[in-house]
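Listed here are the chains, written in short residue letters.
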Amino acid sequence: MPIGLVTNCWQIQLASGESVEELVEQASRRGYRAIELRHGALGEFESGESRFPNASMLSRLPVRFPEVRFNVAIPFPFLAEAAKPTDPLFQAGLWAADA
């Protein structure tokens, strides 16, 4: 099983202006091979006031870091009856995961 981490571990670095891409590079050099891209902790890879994942930007990560597996985590109530696949957060998460 690959060793990994979650981007919300980088809140201090992100707040000080480091980019997710730089942090992934550092993690990759240290042998981390799985990174969870957590909603709210994606820095430049989130857009808008809601900070939805930006799929077109996220698509760069697996190209630049083919040795790292990425997954996307969003706060969506997947098991709730009210959950709809047309929800904007669900759509953003789906596009980000596909990217």
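Residues numbered from 1 in each chain as written. Predicted model: local features only at pLDDT ≥ 70, side-chain atom pairs only at ≥ 80, totals over all residues. Heavy atoms only, no water.

Q: Requested: an account of the overall build of the chain, with residues and values cited.
A: Check the secondary structure of the chain and you find five helices and five strands. Traced from its N-terminal end to its C-terminal end, the chain shows the element sequence β-α-α-β-β-β-α-α-β-α. Whereas a compact globule of 99 residues would reach a radius of gyration of roughly 13 Å, the chain reaches 14 Å, a difference of no more than 12%. Taken along the three principal axes of its C-alpha coordinates, the chain extends 40 × 30 × 20 Å. A total of 99 residues make up the chain; the buried ones form 37% of that total. Considering only residue pairs separated by 6 or more positions, the chain has 59% of its internal contacts joining residues 24 or more positions apart. (Helix = DSSP H or I, 4+ residues; strand = E, 2+ residues; numbered from the N terminus. Rg over C-alpha atoms; globule rule 2.2 N^0.38 Å. Buried < 20%, exposed > 50% of the residue type's maximum accessible area, 1.4 Å probe, protein only. Contact = heavy atoms within 4.5 Å.)

Q: Account for helix α5 (residues 88–98), naming residues and giving values.
A: If you check which residues of α5 are buried, you get Leu89, Phe90, Ala92, Gly93 and Ala96. The buried residues of α5 occupy an angular sector of 165° when the element is viewed end-on, so they sit on one face. In this structure, α5 carries Pro88, Trp95 and Asp98 as exposed residues pointing more than 90 degrees from its buried face. Next to the buried residues of α5 lie β4 (52–53), α3 (55–58) and β5 (69–73). (Arc of directions from axis to C-beta.)

Q: Now, about the pairing of strand β2 (residues 34–38): what can you tell me, with residues and values included?
A: With respect to burial, β2 is a largely interior element, four of its five residues being buried. Across three bridges, strand β1 (residues 4–6) lies against β2 in parallel orientation. From the neighbouring strand, leucine 5 faces β2, where its bridge partner is isoleucine 35. (Pairing = 2+ DSSP bridges.)

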